[in-house]
Amino acid sequence: VKAEDGDAIHVYDINAAGQATEIEPMMLSPLPQGTLPPTAILQQLPPGTSGKLWPSYCAVSPDGKWLAVALNQADRTVLLDLTQPLPATIPTSAYVQSGDYPYGVAIERGSRFAYVSNQYGGTLTRIELSSRATSTITVGGGTQVARTLNNTNSQPQGLLADPRGDRVFVAISNRDLVAEVNTQTNAVRHFNVGRGGNVGTAPVKLALSPNSDTLYVANAN
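Let me sum up the structure you'll find in this document. (Residues numbered from 1 in each chain as written. Predicted model: local features only at pLDDT ≥ 70, side-chain atom pairs only at ≥ 80, totals over all residues. Heavy atoms only, no water.)

### Some thoughts on the overall build of the protein chain
Of the regular secondary structure elements, the protein chain holds 1 helix and 19 strands. Dimensions along the principal axes, computed over C-alpha positions, put the protein chain at roughly 50 × 50 × 35 Å. Taken across its 221 residues, the protein chain has 43% of its residues classed as buried. Across the protein chain, the fraction of contacts at a sequence separation of at least 24, relative to all contacts at a separation of at least 6, is 43%. For the protein chain, the exposed area adds up to about 11500 Å²; of that, 51% sits on carbon and sulfur atoms. Treating the 15 positive side-chain charges of the protein chain as one cloud and the 17 negative ones as another, the clouds have centres 8 Å apart. (Helix = DSSP H or I, 4+ residues; strand = E, 2+ residues; numbered from the N terminus. Buried < 20%, exposed > 50% of the residue type's maximum accessible area, 1.4 Å probe, protein only. Contact = heavy atoms within 4.5 Å. Areas by Shrake-Rupley, 256 points an atom, 1.4 Å probe, with all protein chains shown as cover. Lys, Arg positive; Asp, Glu negative; His and termini not counted. Charge placed at Lys NZ, Arg CZ, Asp CG, Glu CD.)

### As for the environment of Gly99
By the secondary structure assignment, Gly99 is in the loop between β9 (95-97) and β10 (102-107). Relative accessible area serves as the criterion here: at 15%, Gly99 is assigned to the buried category. Separated by 39 residues in sequence, Gly99 and Thr138 place their C-alpha atoms 11 Å apart. Ignoring anything within four residues of it in the chain, the contact list for Gly99 reads Asp75, Asn118 and Thr125.

### Here we look at the sheet that holds strand β6 (residues 66-71)
Strands sit in the order β5-β6-β7-β9 across an open sheet of 4 strands; the sheet is antiparallel. Edge positions in the open sheet fall to β5 (55-60) and β9, since each of these has one partner strand only. Taken over all neighbouring pairs, the strand axes of this sheet differ in orientation by 25° on average, direction set aside. Sheet topology note: the strand β7 (residues 76-81)/β9 ladder contains 3 bridges and is antiparallel. Note on β9: the bridge partner recorded for Thr77 is Val96. (Pairing = 2+ DSSP bridges. Axes fitted to C-alpha atoms, helices over the stretch in contact; angles between N-to-C directions.)

### With respect to the sheet that holds strand β14 (residues 156-161)
One open sheet accounts for 4 strands, arranged β14-β15-β16-β17; its pairing is antiparallel. Strands with a single pairing partner mark the edges of an open sheet, and in this sheet they are β14 and β17 (188-192). Between one strand axis and the next, the sheet turns by 25° as a mean value, whatever way the strands run. In this structure, strand β15 (residues 167-172) lies alongside strand β16 (residues 177-182), joined through 6 bridges in antiparallel fashion. Within the sheet, the bridge partner assigned to Ile172 lies in β16 and is Leu177.

### Considering the pairing of β6
Burial analysis of β6 places 6 of its 6 residues in the buried class, the great majority of the element. Residues Trp66, Ala68 and Ala70 line one face of β6 and the alternating positions Leu67, Val69 and Leu71 line the opposite face, and both faces are buried. Counting the residues between successive antiparallel strands, the hairpin from β5 to β6 contains 5 residues, one of them, Gly64, with a positive phi of roughly 75°. Strand direction decides the pairing type here: β6 and β7, joined by 6 bridges, are antiparallel.

### A word on unusual backbone geometry
The amide bond that connects Leu45 to the next residue, Pro46, takes the cis arrangement and shows omega of -10°. You can see Pro46 is positioned in the loop between α1 (39-42) and β5. The phi angle at Asn153 is positive, at roughly 60°, despite the residue not being glycine. Mapped onto the secondary structure, Asn153 falls in the loop between β13 (134-138) and β14. Looking at Asn153, the relative accessible area reads 30%, which means it is partly exposed. The phi dihedral of Gln155 is positive, around 65°, even though this residue is not glycine. One can find Gln155 in the loop between β13 and β14.

Following this line, the structure appears as structure tokens:
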């Protein structure tokens, strides 16, 4: 097993027959000394000083140029230019600041922006791939759901970019919602996938039909 201690991006060569052979993984560099501790470290009991970065989900841009990987326990996202040789160790210069507990990743069809779902903050971090500039889009549902802590811990998780349209979808697990984000305007609208009787559905993952006219939602609860 390669990189059995974790904090690595596993890489595979795939031949013409579709057989995959693992090559050397890309190892993640720890956060520099003196870096403001990420949310996961601050919320440890007792509060910690260091920890694993926990790479979670990744996405490759439609044009094949960019790789984005969410580092769930580091409040950061790896951004690599795939036209360059893959590094044996990913430097901290490849890390882009995200929100609290980044989780899912999607890159829209134009290969301009990556979107990262931030579980605790109820937001998406939008990263312009060419400049690495970031902005924040609130998707947690806010006051649409009574008796909740607004967007905090709304748990946006699975992300999906529409290959046919200018939109990304995100499952808001703790609010029983799916958010649709317009990638041109950043406008957000929500779809309620809850059910009665105060029993949550906990949507976590999404899929689109081939012609993008039907959205499927996997409900963990």
